[in-house]
Every structure is written in structure tokens, then in C-alpha cells.
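Spelled out from the first residue to the last, the chains are:
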Amino acid sequence: MDVHHADASPDARTAARLLPLWLAEADQLDPGAAETARRTWEAGGRLPADIAQGLADWVTARVNVTGFNRDEGPTRPGPRITVADKEALHRWLREQGHRV
């Protein structure tokens, strides 16, 4: 998915990278919410508050799961999500008017 509008900020690029990962996982748990989020994102619109909070919670949990090196703890297949990624996504959501 491309960054929408003329927004090419680092936070927006992080959101554009992480949102498809979240949508893939959300499809497994709540296909309806994932589809709503996907349609809204692709249309360049603002995510509904409950979906934005779900995304914020997901990225926080993914840092807890993927933010370890091999010596520190559990790993998960897929891209590594860092604390900086989480902070960027939370900033981007706040810029969109969400409370996270």
C-alpha cells in the first residue's frame, strides 16, 4: 500500500509498512474489521477509532514479541518491529486525530 495524500513523512512511511502486516494478522482474527480498515486505508480516509486503537495495541504487542534478539527471548516469524516503529506508528495515529 502506498502512503496516501502527499504525506511522505517518516511516520507515514512506517504506517504504510506496518499496516499491511497488521491487516494480514487481523484477517485471521476479525475479517470484518480488517476489511473495513483496508477499504478506509486504500481510500485515503481516517481509520475508525476502534480500529486505530486495535492497530496501536497490535504494534505494541508485536514489539514485545519481536523486539528481542536471539539471546533475550522469543522470536516470531516475519519482519522485526522495533520500539521506534511503535513510536512512529503511535505518532502517526495521533496526527490522524486518534488517542493512543
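Residues numbered from 1 in each chain as written. Predicted model: local features only at pLDDT ≥ 70, side-chain atom pairs only at ≥ 80, totals over all residues. Heavy atoms only, no water.

Let's talk about the overall build of the protein chain
Next up, step 1: The helix and strand inventory of the protein chain stands at four helices and zero strands.
Next up, step 2: When the helices and strands of the protein chain are placed in sequence order, the string is α-α-α-α.
Next up, step 3: The contacts of the protein chain with a sequence gap of at least 6 include a subset with a gap of at least 24, amounting to 56%.
Next up, step 4: Summed over all atoms, the accessible surface of the protein chain reaches about 5800 Å², with 52% contributed by carbon and sulfur. (Helix = DSSP H or I, 4+ residues; strand = E, 2+ residues; numbered from the N terminus. Contact = heavy atoms within 4.5 Å. Areas by Shrake-Rupley, 256 points an atom, 1.4 Å probe, with all protein chains shown as cover.)

Focus: the packing of aromatic side chains
Next up, step 1: For the coordinates displayed, the defined rule picks out one aromatic pair.
Next up, step 2: Between the aromatic rings of W41 and W92, the centroid separation amounts to 5.5 Å while the plane-to-plane angle is 70°, which identifies the pairing as edge-to-face. With W41 in helix α2 (residues 31-42) and W92 in helix α4 (residues 83-95), this pair connects stretches of sequence that are 51 residues apart. (Phe/Tyr/Trp six-rings, centres within 6.5 Å; stacked < 30°, edge-to-face > 60°.)

A closer look at the packing of helix α1 (residues 10-29) against α4
Next up, step 1: Axis separation between α1 and α4 bottoms out at 8 Å; the angle between their running directions is 105°. Judged by the inter-axis angle, α1 sits roughly perpendicular to α4. Judged by residue contacts, D11, A12, T14, A15, R17 and L18 of α1 engage D85, A88, L89, R91, W92 and E95 from α4.
Next up, step 2: Split by residue class, the contact of α1 with α4 holds six nonpolar, one polar and five charged. (Axes fitted to C-alpha atoms, helices over the stretch in contact; angles between N-to-C directions. Parallel < 35°, antiparallel > 145°, perpendicular 65-115°, else oblique. Nonpolar A, V, L, I, M, F, W, Y, C, P; charged D, E, K, R; others polar.)

Section: α4
Next up, step 1: Between the first and last C-alpha of α4 there are 18 Å, a value that for 13 residues agrees with the 18 Å anticipated at 1.5 Å per step.
Next up, step 2: Among the residues trailing α4, G97 stands out with phi positive, at a value near 95°. (Expected span 1.5 Å × (residues − 1).)

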